Amino acid sequence: GDENSYASAPVVNQLDYNRLEEYKDLVDYYKGLIQFRRKLGIYLDGTSAAAGQMRTLCAQDGVVVMEVDNTPYAGKGDYKKVLLLCNSSKEDKEFELPAGIWKKLIDKNSSWLWKNDSLWSTITGKGIEKCENRVTLASCSMTVLGRKDV
């Protein structure tokens with residue numbers, strides 16, 4: 001492989017649309033991440049002020065946890081606090097959550113869990129998973145939790 005393909009020929013960096021079907025699950029996962037990112041105003045702010053709304057809660061043993069304060073950007077019904085939890089280790093890890101009830105918005109298997117956070121989903125019992133006190137982070141994965149009630 002090419003360690004730095006920036007200056008390489010376009011054929012090295014171009015997307016191979018013929019492999020779209022082969023990697024359909026991965027493509028769908030990325031689509032969910034992009035859609036979720038668009039819902040958070042902080043990620044649309046290109047100023048240095050946005051960096052002041054993020055803080056690291058943990059960075060040890062292969063686990064990095066960032067808390068994002070989306071409150072200044074949040075509209076009615078939006079997530080005001082978001083936790084980005086990354087586990088790069090080859091084993092599951094436990095993480096003690098900040099106080100409150102957090103909703104699981106993205107996990108290793110789906111980047112679309114946040115779409116289930118609606119009144120109808122709650123009434124039908126197909127609502128979003130809630131986490132309180134601790135969460136298990138799957139190996140080699142990212143989890144995103146959110147709160148609207150801060």
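These remarks concern the structure in this document. (Residues numbered from 1 in each chain as written. Predicted model: local features only at pLDDT ≥ 70, side-chain atom pairs only at ≥ 80, totals over all residues. Heavy atoms only, no water.)

Once that is clear, we can look at the layout of surface pockets. By volume, the largest pocket is sized at about 220 Å³. Leu 15, Asp 16, Tyr 17, Arg 19, Leu 20, Tyr 23 and Val 27 together form the lining of the largest pocket. Each residue belonging to the lining of the largest pocket can be placed in one class, and the counts come to five nonpolar, no polar and two charged. Considered as a void within the structure, the second largest pocket measures approximately 160 Å³ in volume. Looking at the second largest pocket, the residues that line it are Leu 33, Phe 36, Arg 37, Leu 40, Tyr 43, Leu 84, Ile 106, Met 142 and Val 144. Elements with a contribution of two residues or more to the lining of the second largest pocket: helix H2 (24–39) and strand E6 (141–147). At three residues, the largest contribution of residues to the lining of the second largest pocket is made by H2. Taken together, the residues of the lining of the second largest pocket break down into eight nonpolar, no polar and one charged. (1 Å grid on protein atoms, 1.4 Å probe; cavity = no way out; pocket = protein on both sides within 12 Å on 5 of 7 lines; lining within 4 Å. Points joined across faces, edges and corners; volume = space filled by probe spheres on them. Nonpolar A, V, L, I, M, F, W, Y, C, P; charged D, E, K, R; others polar. Helix = DSSP H or I, 4+ residues; strand = E, 2+ residues; numbered from the N terminus.)

Turning our attention to the pairing of E6. Within E6, six of the seven residues are buried, leaving the element largely enclosed by the surrounding structure. In the sheet, strand E3 (residues 81–87) pairs with E6 via seven bridges, with the strands oriented antiparallel. Of the residues in E6, the one forming a bridge with Asn 87 is Ser 141. As judged from the three bridges shared by strand E4 (residues 93–106) and E6, these two strands associate in the antiparallel manner. (Buried < 20%, exposed > 50% of the residue type's maximum accessible area, 1.4 Å probe, protein only. Pairing = 2+ DSSP bridges.)

A word on the pairing of E3. The element E3 is extensively covered by neighbouring structure, given that five of its seven residues are classed as buried. In this sheet, E3 lies alongside strand E2 (residues 63–69) in antiparallel orientation, the contact comprising seven bridges. Across the sheet, residue Met 66 finds its bridge partner in E3, namely Leu 84.

Pairing in this open sheet of six strands is antiparallel, and the strands run E1-E2-E3-E6-E4-E5 from one edge to the other. With partners counted over all chains shown, the strands left at the sheet margins are strand E1 (54–60) and strand E5 (130–137), one partner each. The sheet shows a mean angle of 35° between the axes of neighbouring strands, direction not considered. As paired strands, E4 and E5 are joined by seven bridges and run antiparallel to one another. Within the sheet, the bridge partner assigned to Ile 101 lies in E5 and is Glu 132. Sitting on the sheet, H2 touches E4 and E6, and the angle it makes with E4 is about 85°. (Axes fitted to C-alpha atoms, helices over the stretch in contact; angles between N-to-C directions. Contact = heavy atoms within 4.5 Å.)

Interpretation note: all reported values are geometric properties and have no functional meaning in isolation.
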